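# Understanding the architecture of this molecule
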Amino acid sequence: PNGIYYTKEDFLNKNPNSTEIIVPKGLIGFEKPELNGIPDVCFFYSKNSDKKIKKVFAIAYEGHLYFQIQAILNNRNKTDRAQTNDFPNSFSRVLIAGENYYYLESDLVNLWVQGVAYNMGATGTFIAQDLSSANVKLGRTQNFGSKKGIVWDIKNKEFNIFKNCNDYNDFIKNLYPDGIQECDKHQPDILKVREAIEKIK
């Protein structure tokens, strides 16, 4: 049902804690433009108070399901600990949903790689920020190759982040062997990931 789910338990029980009117917004400087349509990535704000929605698990908005990034990081598989994002209060929309998995994508970066970049001085700081900053200005992710696939595993009640191509292959190999990728690059081909998830959802 449409509404705001404060905790994982509320979400699992399909029991929204609030059905207040909310609006998706981006962030350009100090402005908070309301986004049209159904964005893939956004912040949500209360329509009445204009306060940003924080520290929740998920939002069902106009028939679409969104998970908050911090909730993903807090409820991820124990092997996915090194991932981070500069916008933990932003939301990513579920792109594929089935009986086994909900699939979404978000700009996440390896915490250790980002830390190394920060230690490179001014240039490294720019690189580090670019590594993990989702472009939420237009409600979509457009950053340089850090978009990663994420599944909500319905059976295990946790998120699994595809940290890199080999990690994705470990996930898919027993579920759909034809979905295994060659791993010519560090990250898997995101379009092929989507195709595989469609097969196992």
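Refer to the preceding data block for the structure.
To start, this report covers the structure provided alongside it. (Residues numbered from 1 in each chain as written. Predicted model: local features only at pLDDT ≥ 70, side-chain atom pairs only at ≥ 80, totals over all residues. Heavy atoms only, no water.)

### Here's the deal with the nonpolar core
Keep this limit in mind: Buried Ala, Val, Leu, Ile, Met, Phe, Trp, Tyr and Cys residues form a nonpolar core when they are joined through side-chain atoms within 4.5 Å. Three exposure classes are used, based on accessible area relative to the maximum for each residue type with a 1.4 Å probe and protein chains only: buried under 20%, partly exposed in between, and exposed over 50%. The numbering of helices and of strands both runs from the N terminus, where a helix is a DSSP run of H or I of at least 4 residues and a strand a run of E of at least 2. The contact rule is simple, with two residues in contact once any of their heavy atoms fall within 4.5 Å.
With 18 residues, the main nonpolar core has F11, F57, A58, F67, I72, I150 and F159 as its most contacted residues. For this core, the elements supplying multiple residues, two or more each, are β4 (58-61), β5 (64-68), α2 (69-74), β11 (147-153) and β12 (158-161). Top contributing element to this core by residue count: α2, with four residues. Setting aside residues up to four positions removed in sequence, A58 forms contacts with G3, I4, Y5, F11, L65, Y66 and F67. In terms of nonpolar packing, the next biggest core, distinct from the first, is built from 13 residues, I96, Y103, V151 and F171 among them.

### What about the sheet that holds strand β2 (residues 22-25)?
What counts here: For two strands to pair, DSSP has to find at least two bridges joining them. To obtain an axis, a line is fitted to C-alpha atoms, over the contacting stretch when the element is a helix, and the angle between two such axes runs from 0 to 180 degrees between their N-to-C directions.
Read from one edge to the other, the open sheet built from six strands follows the order β1-β4-β5-β7-β3-β2, with strand pairing classed as antiparallel. Each having just a single partner strand, β1 (3-5) and β2 make up the two edges of the open sheet. The mean angle between the axes of side-by-side strands here comes to 35 degrees, regardless of whether they run parallel or antiparallel. Relative to strand β3 (residues 41-46), β2 is paired through four bridges, and the arrangement is antiparallel. The residue of β3 that forms the bridge with P24 is F44.

### Looking at the sheet that holds strand β9 (residues 101-107)
An order of β8-β9-β11-β12 is seen for the four strands of this open sheet, with the pairing classed as antiparallel. Two strands close off the open sheet at either side, each with one partner strand: β8 (96-97) and β12. In this sheet, β9 lies alongside β8 in antiparallel orientation, the contact comprising two bridges. In the strand pairing of β9, A97 is matched with Y102. The strands touched by helix α6 (residues 190-200) are β8, β9 and β11; relative to β9, the strand with the most contacts, the crossing angle is about 165 degrees.

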